[in-house]
Amino acid sequence: MDPAFLISAFATLFVVIDPIGLTPLFIALTPGASEAHRRAVAFRACLIALLVLTLFTFLGEAVLGFIGISMPAFRISGGILLFLTALDMLFERRTQRRKGTADEDSSPDPSVFPIAIPLIAGPGAIASMILLAGQTSDLVGTFAVLGVLLVVLGCVILLFLAAGIVERALGKTGIVVITRLLGMLLAALSVQFVIDGLRDVGALG
């Protein structure tokens, strides 16, 4: 696999899933919980998100073909969706929406909803996995993308386990700054997805 592609895949998934931005929400969803309980919630949420995203990685393109949507069309629409996500990150609308989703949940175990779905395995992450898998030519490439996903989810788990330390180290201002920077990076990556889709259909020669 091209190292540049793997780096781009990691950047895309890291920015879309946004482990740093999820950490304060994880703390808010597990108030007063013991370290053991938080650890169990973190691992269970990431495992469920992995299963969901793996399912879409292998079946997403087949489902698109079944309903008559070409991969270039999905690449363009996915790029637009990721660009809207980037705008939300830049203007803090994404954080507000995620907090609203978190506030709606009153379950003592939030690992399935809302942490796994939709905070980790949300529409942006699902679209990203389908797009990245569509850029590979064989199963080796697809499993390489899944390997990148595992690395990103590993980052999520590490930050969840160190949630208290991260919150104290970065503070609210630090989290906002990092979220804005990641939003700018995601905007550039999403435009690249659109360009690739237009090139696939011959619109850019």
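Calculation notes
- Along each chain, residue indices are assigned from 1 in the same order as the chain's sequence is written.
- In view of the model being predicted, local features appear only for residues whose pLDDT reaches at least 70, and side-chain atom pairs are presented and counted only at 80 or more, with totals across whole chains, interfaces and linings using the full set of residues.
- In computing side-chain properties, one takes all heavy atoms of the structure into account and sets aside hydrogens as well as water.
- A helix here means a DSSP run of H or I that spans at least four residues, while a strand means a run of E at least two residues long, and both kinds are numbered starting from the N terminus.
- Values of the radius of gyration come from C-alpha atoms, whereas the globule rule sets the reference at 2.2 Å times the count of residues to the power 0.38.
- A 1.4 Å probe rolled over the protein chains alone gives each residue an accessible area, and that area as a share of the maximum for its type sets the label: buried under 20%, exposed over 50%, partly exposed in between.
- Think of a nonpolar core as a cluster: buried Ala, Val, Leu, Ile, Met, Phe, Trp, Tyr and Cys residues, connected wherever their side-chain atoms sit within 4.5 Å.
- Note on contacts: a residue pair qualifies if any of its non-hydrogen atoms lie within 4.5 Å across the two residues.
- Along the chain, pLDDT gives the predictor's confidence residue by residue, from 0 to 100.
- Working definition: a ring pair exists when centres of Phe, Tyr or Trp rings (six-membered ring for Trp) sit within 6.5 Å. Plane angles under 30 degrees give stacked, over 60 give edge-to-face, the rest tilted.

Quick notes on the overall build of the protein
Along the protein, the regular secondary structure elements total nine helices and zero strands. Sequence-ordered secondary structure for the protein, helices as α and strands as β, is α-α-α-α-α-α-α-α-α. Against the globule reference of 17 Å for 205 residues, the protein gives a C-alpha radius of gyration of 17 Å, in line with a compact fold. For the protein, the spread of C-alpha atoms along the three principal axes comes to 55 × 30 × 30 Å. Here the protein, with 205 residues, has 47% of them falling under the buried criterion.

Considering the nonpolar core
Core analysis: the biggest nonpolar cluster contains 55 residues, and Ile17, Ile115, Ile120, Leu149 and Phe160 have the highest contact counts within it. Counting residues per element, this core draws most heavily on helix H8 (residues 139–161), which supplies 10 residues. With near-sequence residues (within four places) excluded, Ile115 lies in contact with Phe26, Leu29, Val41, Ala45, Pro110, Ile120 and Phe160.

Notes on the confidence of the model for the protein
The predicted model of the protein averages 84 in pLDDT, with 90% of residues at 70 or higher. Within the protein, helix H5 (residues 93–104) has the poorest average pLDDT of any element, 62, and H8 the best, 95.

Quick look at the packing of aromatic side chains
Given two aromatic rings, one states the distance between the centres and the angle between the planes to describe the pair. Evaluated as defined, the whole model comprises three aromatic pairs. Judged by centre distance (4.2 Å) and plane angle (5°), the ring pair of Phe26 and Phe160 falls under stacked. Pair noted here: Phe26 is in helix H2 (residues 19–29) and Phe160 is in helix H8, with a separation of 134 residues, a long-range link. Here Phe26 matches Phe160 in class, with each residue buried.

Notes on the environment of Gly78
If you trace the backbone, Gly78 turns up in helix H4 (residues 71–90). A relative accessible area of 3% places Gly78 in the buried class. Along the sequence, Gly78 and Gly21 sit 57 residues apart, while their C-alpha atoms lie 21 Å from each other.

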